[in-house]
Amino acid sequence: MNNLDAIRRQALLNWDTLAQPKDTPVIYLGSASCGRAAGALNVYEAIQETLDEYQLKARVIQVGCIGPCYLEPLMDITLPGSPRVSYANVTPEKARKIVVSSLVNGDILPKLAAGHFGSEEFTAKTGIPRFFDLPMLKPQVRVILKNCGLIDPEDIDHYLAQGGYTGFQKALQADPQSVICELKVSGLRGRGGAGFPAYKKWELCLAAAAEMKYVVCNADEGDPGAFMNRALIESDPHAVLEGMLIGGYTTGASQGIIYVRAEYPLAVARLKKAIQQMHAYGLLGEDIQGSGFNFDIQIREGAGAFVCGEETALIASLEGERGMPRPRPPYPADHGLNGFPTLINNTETFGTVPSILRNGGKWFQQFGIPGNTGTKTFSLVGKVRNTGLIEVPLGMTLKQIVFDIGGGTQRPFKAIQTGGPLGGCLSASQMDTAITYESMRDQGSIMGSGGLIVMDESTCIVDMARYFIGFAEKESCGNCTPCRIGTRILMDTLEKIVRGEGEARDLDTMRRTAMTMTQASLCGLGQAASNPTSSGMRYFLAEFEAHIHDKYCQAAVCTDLFEYKILAEKCSGCGLCVSVCSVNAIEGERKKIHHLDGSRCIKCHSCVKVCARHAIIGIPNSTRAAEWDFCEVLS
Amino acid sequence: MDDSLTADRTTDSATFEGFSGRPDELLSLLQYCQNQKGFISQENVREIACFLKVSEARVFGVASFYAQFRFLKPGDHQIRVCMGTACHVQEGDQLSHETQSLLGVGLGETTPDGRFDYQEVACLGCCAQASVVEIDGKIYGKMTREKLRKLLEAYEQP
Amino acid sequence: MSVTISIDQRPLTVDKGMTILEAARQNGIYIPTLCDYPGLASHGSCRMCIVEIQGRHTTPTACTTPVEEGMVVNTNSPKVKALRADVLQMLLSEHPSSCLFCPEKNHCDDCMVTLRKACVTTGCRSCPKDEQCDLQDMVNRLGIPQGNFPVRYRMLPVEKNDPFIDRDNNLCILCGRCIRICESLHFSNTLTYTQRGTYSLVGTAFNRTLLEAGCSFCGACVEACPTGALTEKTRKWDGKPEKFTVSTCPLCSIGCQINLLTKNDRVIGSLPDHRSKTNVLCVKGRFGITELVNHPTRLKQPQKFSGQHWIGISWNVMIQIAADKLTACAPKKFEMVISANCSNEDLFVADKFVREVMKSDRIRSSARNSGGILGAPGKSFPLSILQEASTILCLGLDGDYAHSVVEVEIHRAKDKGAKVISIDPYAARINRFADVWLQPIPGKETDLVVTLAEITQGTSTIYPGQIEMDRVSQAARLLHKSNSTVIIIGPSFLSSPENTQLIETVERLANQFSARIIALPEQGNLVGSLLQGISPHKDGSSAENLDVLYLIGEAIPASMPGQTAILYQNIYPPAADVKADLILPITAFTEEQGTYTDYSGCVREIHPAAPPPGEALHSWEILCRIARKMGARGFEYARVEEIQADMRTDPPPFVRPVPAVDRKQYQDNPLTPKASEHSYMGFPLTRWVEGLRMLYPGETE
């Protein structure tokens, strides 16, 4: 114990030096996977080259994801005597310019800065807003994401300096029952999507008697459109690992396993390093901190199966079997991995536990609303202006999230998909819904792991339903009849509709299939796979009917159900669409109204994207309409 | 004179370093083999089955369940287009069609010269950078069809 | 501990730990199932057994839900009925259904309107499982008039390249019974689920044929399959069997209890008889019997050779001719060779005939003897002792095709923690799962066993050039550590040329470790024949001295001197090259009543399932008639029971452990017919059963 406290004291001192450098400036670069996708590694090279070229001395630290991914790549600089200043959408050239200006000339180029992490005075002095006052960040409450983007995820000392592992130390001094009590008071519900009270699982697992127990962290974030777990692990891995450690101690487990999907190699690398560092500091292994508690954490990678996010399928996967969910009871807390009691929780759940232990359960209650306490991370992506990773108290409305935090959509808002591929599409009239586990279910969706996909009028709900069911069909394990065949029936029907072969009875077929799947499937995947389709039919019935009866896709997505037309009254004759059309389907001279030949058009949308006047719209498909009329006569 | 009593067994079971032969190591063993050559061969399946003392059907049944494992030799460069929701909304479908037509291959196929193989992946987790394409492990965000064409040209050059 | 629950408003008291399905069945309440199968753990995949439970909003499956105090279950509410019907409809949307929804179904028997490519109007029986299909049953029970989900025919290829079993995945409903039974029976599955989701298929690794995948063709999967996805080639279109007769399989000495299926007075197939605790058969007993006993060349009429061709004669004439020949034959010039495939009653009467009528002691079988191990009291134990063993030493056990039963028992023991040592020259499946596999070069098996014995006794030195000594030491160590050892000897080792030395070494090993021995000879009734004193070899027999050779159930030896008259009594015609003088047709075991004595000395019954072909008679009947014609007394038997009564009272004269036989002496005797390891009535099985030729490619004679 003394050992860790001493280390922490030193770490705090070092952190202070970093936050307020005396002579060596510090450069931070957001290089989690999203940052890298935006080109952060090129920026890193540019920074190093610049430092070499100008013989500049600076510490360069790669940090994780701070949240607003639409601003990536993000580069921060702390000059001695100044707070940390953040620059957004940094290209290699821009980085070079900023580094040279700041480090050589002392000019931090306030006009290029996005935000800073200092005090109000600095804002007054420079005009740069505080980073956390930016519209996207201001309404957020950062509990789990507290360290993300600010610390070096590969340095355990940074974590310690932020109070890391004090939660664990407190747990060691208390007894397991008190830990569980603290969790109960906090009201933490499983953040993987089901919302089961966390303390109950921990209690069940503690009560189960066995010669060994496991703690498993579900980091198999399979929801397309969700990356909260990835960001957390890449930015602050110790938060998750400390949560697992506390879980192990409380339930009496001796082996922890973190199951990460294979598509997250950076997360795996960061975890490996973090675990090594825990060993070095005596936080893993035998007789941890002299408490008599033995625990080790192993990393296991998933192999590309969304269904392995379901806890019993995950356990099957760990046992070396096909990832097919098993009926419950028995529950994993009683009879899990290899038959032993297993505490299995989502990454974010474990990531939240340390702060609850550190600050107390009551502290957590102050966020959110009764029954849905605390905060949750969400990935806000799609057609919204400010995309990224956010953290808000539960109970905030969808409207606040999309419009206040997300900055709204450029084109008119149409729908929001919540909860991942097993969640529903909600329309504008549901935007006043507060995000809670119950309300999401009532609206025909789910909270899920936190994906929020924003769609505008250029998204077709029928196409989205088809996309999601296609996903479910591919990811279904195939074991039980309703899911295996039901997803296929829904897929066949939606494909038919999207091709223009929809029939009146298709809606009923889909409703019946959805009902059977929801009621009779073995696991959550089958039970919820029809949600996008069902909610789509519930809130956007007119769109489905237009596809079926009128053979028309208003959003101009389903290629067989529309054709493009240039509106004469809006066309300015700028010629942009002519130049991007790869099949020469548009003709027109400058300043003259352009014409689009529907028979050559391949519906690639390139022209729509460049037209500043929104002059190109989708209209019902005249060439195929006659064909369908004929078919209707026959049928 | 041949004194030997026992046959020289070419079917001796393989050993895998770092593994102890427990059945729950199956997935890790498959990942190990796939990391060596980029795919799982019939020989691998036989070796793993011998090592774990389970049947080849069991090994194959597990391997064929997971999308990560492939049984055919991959191309020199692996192209993966993300088919996640955010990418789909940002016209990931277009990218998928474009790749297939540029390379002349379908999903899961390798170009005849063995240079590229094309796969789709459910989600790479970089949703705010949609649409995303991964080539040989390197992630490219905010991809458009033009950008993709240029990128592939860069890889085409030896 | 028991709990009180209510199912369909009936209050019930059931054991805690039961599932709702078990509780319902125990109380006579029917809940439909498709993926459930006796002996297999519940799977919960078909979703037919869903029920409503008060307080739960989804409908869980009865087969996986344990009962709880106060549970209120409804198996038949409108909601459950509708859901169940929809789940079944989903299965039907992917299943060819002309046998389910045809509007002409009721008229079919009268009209038979559909003419297939055969000369007979067969009706539209488009599925081999028609009238035997669980899916069809379910549709009828639930009263589904027609399919109402969009149909997709999966267009999957039909696998017909294997012997015995056809696979049609288009009919598969993915209940997983075949996979689970293969796994639980063989612990090393051949079949598995491949891929996932809509593309899920039941298949083998890399889509190999069953043969390539190492299937043992025990046929358990075919029996478990509820639809026509897995079918037996030989009875594919025979339809529903009419009669079931329990009998014993004589094709090896284990004596499995089989259920013979007959239709139109013909044996069409066989299944293990589960009530007698036989749960698995080997390929021979499971798929071989139909072709074996129904082969078109089966002898139907007594015949005599006229010098140029065969002439059919009546039994009366035959008996007279035979009696005349035998009366004229001196005892020392007579020999009878009788197969160890014959029943105890046949053997008894034959032995009695030779002693009392021919006044001779020249009767023997062609079976290769196995020293003092077989038939001697306290020497050979039943297979069940494997379950108590901590170490099992297997010698020459071909579990791949024959002896599937034994492999299953060994696996079950292994599951409980037993260690297995296997000495086998060939790469059989059992060796891959053994803890130690010693692979002798063919011909050196005995040497290896001797080396093992010497090492365990600490009397050996390591010979240079011999590899794998550490493996032998490993085996020795296992034996030393074991507190309960069983040694099991397969037929190939029992009949090896050095079997005397081998048996002695094994007995020494057994003594050293207080091990019990299970010896498995090949022929079905070898133990029975030995107990009756019919030994494989008699001194001083020489071909030149014989006037009459009487063969019962044996093939004619390759070289025969010209003047010996041969009485050939068998179910199959003799091979073309050697001439018999008289051909006497007899019954096969499927047409007989009687007993066999299995490897452990236990008496097993056979019962007739079909009438004999043509004029074939039982062996004992023929011998009795000849005896009576020759004026003998004591051969008035009319029924098998009368013979059995005599068997109990007449003390067999040679009940002593039979001495070991020197194989070299045995080989020199030209009178010895060849009997391969898998044979019946003197001929290798591969001659009659087509599929076996793929499994034993070298054995076609």
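If you're wondering where the values come from, they're calculated on a predicted model, not measured in any experiment.

Criteria and thresholds
- Residues numbered from 1 in each chain as written.
- Chains lettered and ligands numbered in written order.
- Predicted model: local features only at pLDDT ≥ 70, side-chain atom pairs only at ≥ 80, totals over all residues.
- Heavy atoms only, no water.
- Helix = DSSP H or I, 4+ residues; strand = E, 2+ residues; numbered from the N terminus.
- Buried < 20%, exposed > 50% of the residue type's maximum accessible area, 1.4 Å probe, protein only.
- Contact = heavy atoms within 4.5 Å.
- Areas by Shrake-Rupley, 256 points an atom, 1.4 Å probe, with all protein chains shown as cover.
- Rg over C-alpha atoms; globule rule 2.2 N^0.38 Å.
- Lys, Arg positive; Asp, Glu negative; His and termini not counted.
- Charge placed at Lys NZ, Arg CZ, Asp CG, Glu CD.
- Phe/Tyr/Trp six-rings, centres within 6.5 Å; stacked < 30°, edge-to-face > 60°.
- Lys NZ or Arg CZ within 6 Å of the ring centre and 35° of its normal.
- Salt bridge = Lys/Arg side-chain N within 4 Å of Asp/Glu carboxyl O.
- Expected span 1.5 Å × (residues − 1).
- Axes fitted to C-alpha atoms, helices over the stretch in contact; angles between N-to-C directions.
- Parallel < 35°, antiparallel > 145°, perpendicular 65-115°, else oblique.
- Pairing = 2+ DSSP bridges.
- Disulfide = S-S within 2.5 Å.
- Left-handed = near helix turned anticlockwise from the far one by under 90°.
- Nonpolar A, V, L, I, M, F, W, Y, C, P; charged D, E, K, R; others polar.
- Buried area = accessible area lost by both parts, 1.4 Å probe.
- Polar contact = N/O pair within 3.5 Å; in protein donor to acceptor, adjacent residues only side chain to side chain.

*Asks:* Quick rundown of the overall build of chain B? Include the residues and the values.
*Replies:* Assigned secondary structure in chain B consists of six helices and four strands. Its helices and strands taken in sequence order, chain B reads α-α-α-β-α-α-β-β-β-α from the N to the C terminus. The 158 residues of chain B split such that 58% are buried. Put simply, of all contacts in chain B between residues at least 6 apart along the chain, 60% involve residues at least 24 apart. A total accessible area of about 6900 Å² is found for chain B, and carbon and sulfur atoms account for 49% of it.

*Asks:* Describe the overall build of chain A, and please don't skip the residues or the numbers.
*Replies:* Each helix and strand counted, chain A has 26 helices and 20 strands in total. Against the compact-globule benchmark of 26 Å for 635 residues, chain A has a radius of gyration of 27 Å, which places it among compact chains. Along the longest, intermediate and shortest principal axes, the C-alpha atoms of chain A span 85 × 65 × 40 Å. Taken over 635 residues, chain A has a buried fraction of 63%. Taking as baseline every contact in chain A between residues at least 6 positions apart, the subset at least 24 positions apart corresponds to 70%. On chain A, roughly 22900 Å² of surface is accessible, and the fraction owed to carbon and sulfur atoms is 51%. Chain A carries 62 positive and 67 negative side-chain charges, and their two centres are separated by 3 Å.

*Asks:* Before we move on, could you go through the packing of aromatic side chains and cite the residues and values that matter?
*Replies:* Evaluation of the coordinates by the stated rule reveals 32 aromatic pairs over all chains. Ring centres of Phe164(C) and Phe217(C) lie 6.0 Å apart, and the angle between their planes is 65°; this geometry places the pair in the edge-to-face category. You can see Phe164(C) sitting in the loop between β5 (158–159) and β6 (165–168) and its partner Phe217(C) sitting in the loop between β8 (201–203) and α7 (220–224), a full 53 residues away along the chain. Note on accessibility: Phe164(C) and Phe217(C) belong to one class, buried. Within the aromatic cluster, the residues linked to one another by ring pairs are Phe168(A), Tyr249(A), Phe293(A) and Phe295(A). Sitting over the face of the ring of Tyr28(A), Arg84(A) holds its NZ or CZ atom 3.4 Å from the ring centroid. Looking at Arg261(A), its charged tip hangs above the ring of Tyr264(A), at a distance of 5.1 Å from the centre.

*Asks:* Requested: an account of the pattern of salt bridges, with residues and values cited.
*Replies:* This structure, assessed with the given rule, holds 60 salt bridges over all chains. Note that Lys138(A) is salt-bridged to Asp133(A), the shortest N-O span being 3.8 Å. Its relative accessible area of 54% is what places Lys138(A) among the exposed residues. In this structure, the salt-bridge partner of Glu543(A) is Lys414(A), at a minimum N-O distance of 2.9 Å. Here Lys414(A) lies in strand β14 (residues 413–418) and Glu543(A) lies in helix α23 (residues 541–550), a separation of 129 residues in the sequence. Neither residue differs from the other here; Glu543(A) and Lys414(A) are each classed as buried. A network of salt bridges, in which partner residues are shared, links Arg488(A), Asp492(A), Glu94(C), Arg152(C) and Arg154(C).

*Asks:* With reference to specific residues and values, describe helix α11 (residues 237–251) of chain A.
*Replies:* Spacing of three or four residues puts side chains on the same side of an α-helix, whose turn is 3.6 residues. Under the 1.5 Å per step criterion, the end-to-end length of α11(A) is 21 Å for 15 residues, consistent within 8% with the ideal 21 Å. Positive backbone phi, at 85°, marks Gly252(A), one or two positions downstream of α11(A).

*Asks:* Help me get a handle on the packing of α11(A) against helix α14 (residues 347–359) of chain A, residues and values and all.
*Replies:* All names here are of chain A. Two elements in contact, α11 and α14, have axes separated by 7 Å at closest approach and are oriented at 75°. Relative to α14, the element α11 lies roughly perpendicular. Two secondary-structure elements touch here, α11 through Ala239, Val240, Glu242, Gly243, Met244 and Ile246 and α14 through Thr347, Phe350, Gly351, Val353, Pro354 and Leu357.

*Asks:* Give a detailed account of the sheet that holds strand β1 (residues 2–7) of chain C, specifying residues and quantitative values.
*Replies:* Residue and element names in this part refer to chain C. Across the sheet, four strands lie side by side as β2-β1-β4-β3; this open sheet has mixed pairing. Because the sheet does not close on itself, it has two edges, and the strands there are β2 (10–15) and β3 (52–53). Bridge count between β1 and β2: six bridges; the pairing is antiparallel. Across the sheet, residue Ser6 finds its bridge partner in β2, namely Pro11.

*Asks:* Please set out the state of the cysteines residue by residue, giving values where relevant.
*Replies:* In the structure shown here, the tally under the stated rule is zero disulfides over all chains. This cysteine, Cys601(A), is not joined by any disulfide, and Cys607(A) carries the nearest cysteine sulfur, 6.2 Å off. The structure places no disulfide on Cys178(C), whose sulfur is separated from the nearest cysteine sulfur, that of Cys175(C), by 6.2 Å.

*Asks:* Provide a residue-level description of the pairing of strand β12 (residues 375–382) of chain A, including the pertinent values.
*Replies:* All names here are of chain A. Most of β12 sits out of view: eight of its eight residues are buried. By the alternation rule, side chains of β12 split into Thr375, Thr377, Ser379 and Val381 and Lys376, Phe378, Leu380 and Gly382, which are all buried. Hairpin connection of β12 to strand β13 (residues 388–393): five residues between the antiparallel strands. The pairing of β12 with strand β16 (residues 451–456) spans four bridges and is parallel. Among the inter-strand pairings, Ser379 is bridged to a residue of β16, identified as Gly451.

*Asks:* Describe the packing of helix α8 (residues 176–186) of chain A against helix α9 (residues 198–207) of chain A, and please don't skip the residues or the numbers.
*Replies:* Residues and elements named next belong to chain A. The N-to-C vectors of α8 and α9 enclose an angle of 160°; their axes lie 9 Å apart at closest approach. When the interaxial angle is binned, α8 and α9 end up roughly antiparallel. The handedness of the crossing between α8 and α9 comes out as left-handed. Taking contact as the criterion, the partners of Pro176, Gln177, Val179, Ile180, Leu183 and Lys184 in α8 are, on α9, Tyr199, Trp202, Glu203 and Leu206. Of the residues that constitute the contact of α8 with α9, the class distribution is seven nonpolar, one polar and two charged.

*Asks:* Which residues make up the interface of chain B and chain A, and what values go with them?
*Replies:* On the chain A side, the residues contacting the 39 residues of chain B number 54 residues. Of the roughly 3400 Å² buried between chain B and chain A on both sides combined, carbon and sulfur atoms contribute 53%. Summed over the shared surface of chain B and chain A, the number is one salt bridge. With a shortest N-O distance of 3.9 Å, Glu321(A) and Arg58(B) are connected by a salt bridge. For the pair chain B and chain A, the interface holds 14 residue pairs in polar contact (both at pLDDT 80 or more).

*Asks:* Can you break down the sheet that holds strand β17 (residues 391–395) of chain C residue by residue, with the values?
*Replies:* Residues and elements named next belong to chain C. Taking strand neighbours across the sheet as the criterion, the five strands line up as β19-β18-β17-β20-β21 in an open arrangement whose pairing is parallel. A single partner strand is all that each edge strand has here, and the edge strands are β19 (436–438) and β21 (516–519). Recorded for the sheet is a direction-independent mean angle of 15° between the axes of neighbouring strands. With five bridges joining them, β17 and strand β18 (residues 419–423) adopt parallel strand pairing. Residue pairing for β18: Leu395 is matched across the bridge by Ile423. Against the sheet, helix α13 (residues 445–457) engages β17, β18 and β19, with an angle of about 135° to β18.

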